[in-house]
Amino acid sequence: MLKKIGLIGGGFIGGVLAQEIAQRGLAREVGMTDPAPMPNPSDPPERQEVVKKQSVSIGKALDIAEGLPTIRHDIKLVGSKDYSALAESELVINTAGVPRKARPDGTFPSREELLAINLKVTLEVAKGIKQYCPDAMIISIANPLDAIVFTLDKRLAPPKNKLFGMAGVLDSGRYCYFVAEAAKVSVENVNAIVLGGHGDDMVPVRSSCQIAGIPVTKFLDADTLAKIEARTRKAGGEVVGLLGFGSAFVSPAWAALEMAEAVIFDKRKIIPVCAKLDGEYGVKGLFVGVPCIVGRNGIEKIIELDLTDEEKAAFTKSVAGVGKTCKEAEEMLKTM
Ligand code: TXD
């Protein structure tokens with residue numbers, strides 16, 4: 001178990017993270033920071049004073065703490081509207097930013113359309129990490145995932161094994177779930193990986209998808225698999241459209257904790273991680289979802305898969321999409 005885990009953002013995912021860390025006993029202390037609720041300047045002064053005294057992170061920390069006697073776990077939970085709650089964290093998980101929300105007509109923005117708003121938030125996050133836990137390992141979740149991790153790297157320049165993004169575990173889990181459902185087998189039997197950017201052109205890797213070690217093509221035909229892979233690419237949007245108030249939050253939190261547990265228990269587990277590539281897969285300087293060995297030092301090793309020509313082309317296209325969003329981020333950062 002760690003001494004302290006810092007949670008940046010105490011919203012839907014942040015709340016599940018805090019609850020799960022307490023339930024699983026992953027750290028002696030959790031510090032959660034979130035400026036919400038923020039007073040609305042157009043509200044009457046007395047209303048603004050009420051909101052200033054409220055705090056999502058303090059409230060959620062207290063709620064979970066009051067449940068500790070029931071689950072018989074001792075863990076210290078600290079909430080704050082500023083970043084001091086992160087002090088001395090060994091690991092921070094960043095969910096700060098706005099999620100995609102369905103519009104009144106049922107449509108919703110792309111992850112990339114969150115860039116401008118969430119870039120501003122990310123600059124504050126970087127400052128908070130630098131001030132309170134400059135040596136922490138960082139798992140970032142906020143969207144647009146690849147560009148936000150890229151931005152944190154630009155601002156903090158941590159060792160490349162200590163900064164990574166969570167998307168591949170979630171996307172691969174979605175792929176596995178749809179395959180298990182179609183093949184009518186246990187999810188425990190399905191292994192699959194999704195590579196590339198966390199966008200609509202992510203790459204479910206059919207050639208390495210197996211059910212109990214047997215190629216998935218022995219169970220499902222090409223047409224079924226194509227439909228599953230298309231659904232995997234859009235699975236985030238499917239949940240956003242159904243929820244209407246935000247995006248998926250339980251499965252992303254569980255996915256981030258799979259990565260955190262690989263670090264905490266030095267599992268040396270092979271999982272898809274948004275990692276900084278330095279020539280692997282022919283990519284340099286971008287954060288892209290690839291299989292990595294994850295252990296106590298974070299990313300221990302990046303693994304290069306043999307991809308089919310079709311998968312290679314899809315990966316190249318996905319990386320190009322990541323590059324485009326990161327270029328946009330770099331341009332925006334010049335004005336921030
Ligand atoms: O696979 C993935 N990586 C994605 C990521 C899966 C699902 C959700 N994805 C993204 O995670 C989503 O698009 C958002 O960008 C983040 C967090 O999603 P969540 O559902 O938790 O959003 P919430 O509930 O809006 O929580 C975000 C919190 C909210 O309470 C804000 O007040 C807070 O972030 N926030 C901040 N916290 C700290 N510091 C600053 N500056 C800040 N600004 C806002």
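As the structure is a prediction and not an experimental result, all values here were calculated from the model.

## Focus on the environment of glycine 9
Residue placement: glycine 9 occurs in the loop between strand E1 (2–8) and helix H1 (12–24). Remark: the alpha-carbon pair of glycine 9 and serine 80, spanning 71 residues in sequence, is separated by 10 Å. Those residues in contact with glycine 9 that sit more than four places away from it in its chain are Gly14, Met32, Thr33, Asp34, Thr95 and Ala96.

## Quick notes on the nonpolar core
Soluble globular proteins tend to pack their nonpolar side chains together in the buried interior. Counting 86 residues, the largest nonpolar core has Ile5, Leu7, Leu17, Ile21, Val273 and Phe315 as its most contacted members. Looking at this core, the element that brings in the most residues is helix H10 (residues 250–264), giving 9 residues. Composition of this core by domain shows at least three residues from each of domain 1 (2–165) and domain 2 (168–333). With residues near it in sequence (within four places) discarded, isoleucine 5 still touches Ile21, Leu26, Ala27, Glu29, Val30, Gly31, Ser89, Leu91 and Ile264.

## Considerations on the site of the ligand
In the vicinity of the ligand, 31 residues are found, and the nearest of them are Phe12, Asp34, Tyr83, Glu124 and Met166. Between the ligand and isoleucine 13, the relevant distance is 3.0 Å, taken from an oxygen atom to a main-chain nitrogen or oxygen of the residue. The side chain of tyrosine 83 places a nitrogen or oxygen atom 2.7 Å from a nitrogen atom of the ligand. Contact with the protein chains covers 91% of the free accessible surface of the ligand, which is 860 Å². Only H1 and helix H5 (115–132) provide two or more residues apiece to the shell around the ligand. Sort the elements by how many residues they give to the shell around the ligand and H5 lands first, with 3 residues. Broken down by class, the residue content of the shell around the ligand amounts to 19 nonpolar, 9 polar and 3 charged. Three or more residues apiece are contributed to the shell around the ligand by two domains, here domain 1 (2–165) and domain 2 (168–333).

Definitions and cut-offs
Residues numbered from 1 in each chain as written. Predicted model: local features only at pLDDT ≥ 70, side-chain atom pairs only at ≥ 80, totals over all residues. Heavy atoms only, no water. Helix = DSSP H or I, 4+ residues; strand = E, 2+ residues; numbered from the N terminus. Contact = heavy atoms within 4.5 Å. Core = buried A, V, L, I, M, F, W, Y, C linked by side-chain atoms within 4.5 Å. Buried < 20%, exposed > 50% of the residue type's maximum accessible area, 1.4 Å probe, protein only. Domains from an automatic or database assignment. Near = heavy atom within 4 Å. Polar contact = N/O pair within 3.5 Å; in protein donor to acceptor, adjacent residues only side chain to side chain. Areas by Shrake-Rupley, 256 points an atom, 1.4 Å probe, with all protein chains shown as cover. Nonpolar A, V, L, I, M, F, W, Y, C, P; charged D, E, K, R; others polar.

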